[in-house]
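The lines below spell out each chain.
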Amino acid sequence: MNTANRKIFFGNGLPYADVSDLTGKLIVIEGTDGVGRSTQIAELRKWLEIKGYGVTTTGLGRSPLMSDAIDNAKAGHKLNVYTFSLLYLADFADRIEHEIIPALKAGFIVLADRYIYTAFARAVVRGADRDWIRAAYGFALEPDAVIYMRIGIRDLIPRVINSDDLGEGYWRTASDGVIDYWESGMDMRLGDDFYDSFVRYQRRITAEFDAMAQEFGFTVVDASKKFETVHRQMKDTILGILEPPAPAAPAA
Amino acid sequence: MTRRFEEPHPYPGRLIIVEGIDGSGKSTQLQLLHKWFKGMNQRVFFTEWNSSALINETVKRGKKKNLLTPSTFSILHAVDFADRLAHLIIPPLKAGMVVLADRYIYTAFARDVVRGVDRDWVRDLYGMAVRPNIAFYFHVPIEVSLKRILTGRVALKFHEAGMDLGLSDDPRESYRIFQGRIIDEYGRIAQEYGMTVVDGTKSIPEQQRLVREIVAEQMKDFQPAPMLR
């Protein structure tokens with residue numbers, strides 16, 4: 001792969017990291033909780049492995065260094081926008097250096113279950129300076145593609161409020177089918193109850209994402225569509241990067 | 001981007017911070033200043049680098065198992081700082097009180113850059129920090145700091161000697177190289193941010209006299225009054 005013309009870092013990089021030979025591809029899947037990211041990613045992984053590609057996945061808050069700290073801090077509900085953002089930044093830095101760069105060097109396809117854009121949206125919606133959060137993530141690698149699974153609030157609600165253990169569940173950290181305290185923006189007191197808060201919070205997050213989709217040129221897929229339709233679109237995008245069509249032969 | 005610490009803070013309180021390498025005597029000087037304020041019945045708060053409960057288990061574990069990279073080391077200290085800023089620094093400043101900080105953002109600017117992070121990046125990371133009213137930098141030569149540290153204990157700590165950077169297998173030699181680079185970086189920072197440089201080789205009472213003089217001069221118009229709006 002020719003990386004000579006490619007922008008490697010999002011901003012100010014990691015001066016001490018060797019990123020000269022990243023032969024893999026970094027593919028980012030963005031979208032809110034309940035949109036079906038994990039199911040899509042699991043299927044994409046299978047499909048890519050059948051095609052013979054080495055695949056690894058990474059996701060927010062999964063670094064061994066930080067995952068306990070993040071869970072504990074979130075359970076305490078004492079975070080502000082800076083501590084919240086910086087905890088995730090530490091998690092991200094740990095994964096960039098210990099997972100993502102090594103995997104890309106080894107030629108793997110890295111499927112990132114959310115990336116810096118979620119962090120940007122969360123921080124901005126909570127009142128942080130847009131330039132601050134972007135500068136903080138300066139050492140992030142520029143992805144090869146960002147697929148944004150977009151969904152409107154009307155389609156999202158029946159997907160997240162569908163669990164029997166809702167009453168207890170929303171206090172926990174994110175798990176499928178349950179509204180999470182932070183994903184409802186409850187820390188911001190946006191509404192009297194978590195439902196109102198969720199609706200307002202998700203609207204703001206979606207507005208941020210729509211603006212970023214323009215700014216950064218995301219591939220937007222309509223995630224309210226059937227699983228198969230969404231899946232096909234995602235596969236097409238990924239194929240366009242892994243196996244770009246050969247330039248058409250000149251007419252004889 | 002806007003770095004808040006590039007402008008004076010808008011709060012009625014006063015923030016006084018000390019910086020310097022390990023063994024520079026900065027903590028001793030700050031403690032004496034603390035006693036002085038208390039002796040005058042001034043309401044005064046104290047906060048210390050790397051002391052927030054939010055993250056110190058992670059930092060400890062990370063250091064012990066050598067899991068930290070220059071970036072994660074830097075960001076974890078920023079988490080600690082942001083937590084203390086929101087809970088221990090800004091509220092008393094708003095209430096018109098005096099806050100004393102043992103190490104501040106300049107520790108990160110000096111140390112993390114020597115560890116290898118980008119100079120602008122770390123300044124942006126701390127963009128939410130308020131600017132101190134008075135910032136003292138206690139300057140000592142390496143050998144003085146080394147001697148002072150080793151009078152209290154037998155060995156140097158792994159991270160204070162910069163052993164994670166692979167500069168030398170000998171902890172003392174590594175300490176000299178690592179802390180020497182930090183001193184160079186502090187020198188630049190003291191200029192950049194107009195810090196008050198104190199000669200840390202002078203006697204303790206001599207330094208404290210100078211520190212109190214400067215603080216008294218800078219605070220002569222200070223009226224403790226809470227911000228109300």
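Since this is a predicted model, take the numbers as computed values, not measurements.

Parameters at a glance
- Residues numbered from 1 in each chain as written.
- Chains lettered and ligands numbered in written order.
- Predicted model: local features only at pLDDT ≥ 70, side-chain atom pairs only at ≥ 80, totals over all residues.
- Helix = DSSP H or I, 4+ residues; strand = E, 2+ residues; numbered from the N terminus.
- Buried ≥ 20, exposed ≤ 12 C-beta atoms within 10 Å, placed from the backbone.
- Contact = placed C-beta atoms within 7 Å.
- Pairing = 2+ DSSP bridges.
- Axes fitted to C-alpha atoms, helices over the stretch in contact; angles between N-to-C directions.
- Nonpolar A, V, L, I, M, F, W, Y, C, P; charged D, E, K, R; others polar.
- Parallel < 35°, antiparallel > 145°, perpendicular 65-115°, else oblique.
- Left-handed = near helix turned anticlockwise from the far one by under 90°.
- Core = buried A, V, L, I, M, F, W, Y, C linked by C-beta atoms within 7 Å.

> Explanation requested: the overall build of chain B in the structure shown.
The helix and strand tally for chain B stands at eight helices and five strands. For chain B, the succession of helices and strands along the chain, N to C, is β-α-β-α-α-β-α-α-β-α-α-β-α. Counting only C-alpha atoms and orienting by the principal axes, one finds that chain B spans roughly 55 × 40 × 30 Å. Going through the 229 residues of chain B one by one, you find that 46% of them count as buried. Taking contacts inside chain B between residues at least 6 apart in sequence as the whole, the part at least 24 apart equals 80%.

> Could you clarify how one ought to interpret the sheet that holds strand β2 (residues 44-48) of chain B in this entry?
Within a sheet, neighbouring strands are paired by backbone hydrogen bonds and run either parallel or antiparallel to one another. All names here are of chain B. If you trace the five strands from one edge of the open sheet to the other, you get β2-β3-β1-β4-β5, paired in parallel fashion. The open sheet terminates on both sides in strands that have one partner only, identified here as β2 and β5 (196-199). Taken pair by pair, the neighbouring strands of this sheet meet at an average axis angle of 20°, ignoring direction. As judged from the four bridges shared by strand β4 (residues 134-139) and β5, these two strands associate in the parallel manner. If you follow Phe-138 over to β5, its bridge partner there is Val-198.

> What is the right way to look at the interface of chain A and chain B in this model?
Quoted interface sizes are often the accessible area lost when the parts come together. The partner chain B presents 26 residues to the 26 residues of chain A that form the contact. Broken down by secondary-structure element, the contributors of at least two residues to the side of chain A that touches chain B are α2 (67-76), α3 (81-105) and α5 (130-136) of chain A. Considering each element in turn, the side of chain A that touches chain B owes the most residues, nine residues, to α3 of chain A. Here the side of chain A that touches chain B is composed, by residue class, of 17 nonpolar, five polar and four charged.

> Sorry if this is basic, but what is going on with the packing of helix α1 (residues 26-39) of chain B against helix α8 (residues 204-218) of chain B here?
Residues and elements named next belong to chain B. Closest axis-to-axis distance for the α1/α8 pair is 10 Å, and the angle between their directions is 55°. Classified by the angle their axes make, α1 and α8 are oblique. The element α1 and its partner α8 pack so that their crossing is right-handed. Note on element contacts: α8 touches α1 through Ile-204, Gln-207, Gln-208, Val-211, Arg-212 and Val-215, opposite Thr-28, Gln-29, Leu-32, Leu-33 and Trp-36. For the contact of α1 with α8, the residue count by class is six nonpolar, four polar and one charged.

> Honestly, the nonpolar core in this entry has me stumped. Any pointers?
The tendency in soluble globular proteins is for nonpolar side chains to be buried side by side. Core analysis: the biggest nonpolar cluster contains 129 residues, and Leu-87 and Val-110 of chain A together with Val-79 of chain B have the highest contact counts within it. For this core, the element with the highest residue contribution is α3 of chain A, accounting for 15 residues. Beyond its immediate chain neighbours, meaning those up to four positions away, Leu-87 of chain A contacts Met-66, Ala-69, Ile-70 and Ala-73 of chain A together with Val-79 of chain B.

> Would you mind showing me how to read the sheet that holds strand β5 (residues 219-222) of chain A here?
Residues and elements named next belong to chain A. Sheet architecture is open: five strands sit in the order β2-β3-β1-β4-β5, paired in parallel fashion. A strand with exactly one partner marks an edge of an open sheet, and here the two such strands are β2 (55-59) and β5. With direction set aside, neighbouring strand axes in the sheet form an average angle of 20°. Note: strand β4 (residues 145-150) against β5, four bridges, orientation parallel.

> Please explain unusual backbone geometry as it appears in this structure.
Trans is the common state for peptide bonds, and a negative phi is the common state for residues other than glycine. Positive phi is not limited to glycine here, since Arg-114 of chain A has a value of about 75°. By the element assignment, Arg-114 of chain A lies in the loop between β3 (109-113) and α4 (116-125). A positive phi angle, close to 75°, is found at Arg-103 of chain B, a residue other than glycine. Assignment of secondary structure puts Arg-103 of chain B in the loop between β3 (98-102) and α4 (105-115). Note on Arg-103 of chain B: 22 C-beta atoms within 10 Å, which makes it buried.

These values are about where atoms sit, not about what they do.
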